[in-house]
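Here is how the chains run, residue by residue.
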Amino acid sequence: INDFELLQENPNDQTSIKITSPNAIIDPSNNDIQIFDSLIEILNNDGQDFQIKSGNSNLNNLSNFIKVFNNVKISFLDKDDYYITTNSLNWYLNTSIIDITNPILINFDGTMIKGSNGIYDIDSSLLNIYNINLNRNIFNSDGKQEYQLEIKSDFAKWFKNENTFVFSSNKKQVESTIRFNY
């Protein structure tokens, strides 16, 4: 199929999902869809919430499950420089949970965060990230680096609506390091 487009309303909440692609293949034996260069837009009552771009996606119509892989980029559209990259993610489209199963690299307005994996809940706008390493360079008004902040923790939660991070660790303290430049 050329110029593929699929729109799905989620009956459990107020979101809809729009999947577009220049090319897709439908398997006639099970109606599964192999999607190339896909763009998945998640729309809520206020408009577009975020989008997922990838090289490939496979949609299982029977289970309503999509596997997104090959250079995955999640962009939060109400924030200009907020995105997550990974190799793949899994999502049952009738739920609000996106399971990011591979290492992730997060860029939130110049703050780089690495994690082993994560889970994003669309309904609560909550991102859980595991095995965190955050690095942030702080610059003065002249553009010269003043210091670098590094945080390591077992997991972190990002509350999208408040744009707030909370770092935690199980049986040890969260490690924080500040390196000053002289």
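Before any of the text, the structure's been laid out above.
Keep in mind that what you see is a predicted model, and the values were worked out from it rather than measured.

**So, the overall build of the protein**
No. 1: When helices and strands are counted, the protein shows zero helices and 14 strands.
No. 2: Its helices and strands in sequence order give the protein the pattern β-β-β-β-β-β-β-β-β-β-β-β-β-β, from N to C terminus.
No. 3: Principal-axis analysis of the C-alpha atoms gives the protein an extent of 65 × 40 × 30 Å.
No. 4: Counting over 182 residues, the protein shows a buried share of 38%.
No. 5: Contacts spanning at least 24 positions in sequence make up 35% of the contacts within the protein whose residues lie at least 6 apart.
No. 6: Of the roughly 10100 Å² that the protein leaves accessible, carbon and sulfur atoms contribute 46%.

**Let's talk about the pattern of salt bridges**
No. 1: This model, assessed by the stated rule, comprises three salt bridges.
No. 2: A salt bridge links K152 to E150; the nearest nitrogen and oxygen atoms lie 3.9 Å apart.
No. 3: The class of E150 is buried, set by a relative accessible area of 12%.
No. 4: With a closest N to O distance of 3.8 Å, D154 and K172 form a salt bridge. You can see D154 sitting in strand 12 (residues 145-159) and its partner K172 sitting in the loop between strand 13 (164-168) and strand 14 (175-180), a full 18 residues away along the chain.
No. 5: Connected via shared salt-bridge partners are E150, K152 and R179.

**What about the side chain of S38?**
No. 1: By secondary structure assignment, the location of S38 is in strand 3 (residues 33-44).
No. 2: In terms of polar contacts, S38 uses its side chain to reach the side chain of S57, at 2.8 Å.
No. 3: Among all residues touching S38, those that are not within four sequence positions of it are T20, S21, I52, K53, S54, G55, N56 and S57.

About the criteria used
- Residues numbered from 1 in each chain as written.
- Predicted model: local features only at pLDDT ≥ 70, side-chain atom pairs only at ≥ 80, totals over all residues.
- Heavy atoms only, no water.
- Helix = DSSP H or I, 4+ residues; strand = E, 2+ residues; numbered from the N terminus.
- Buried < 20%, exposed > 50% of the residue type's maximum accessible area, 1.4 Å probe, protein only.
- Contact = heavy atoms within 4.5 Å.
- Areas by Shrake-Rupley, 256 points an atom, 1.4 Å probe, with all protein chains shown as cover.
- Salt bridge = Lys/Arg side-chain N within 4 Å of Asp/Glu carboxyl O.
- Polar contact = N/O pair within 3.5 Å; in protein donor to acceptor, adjacent residues only side chain to side chain.

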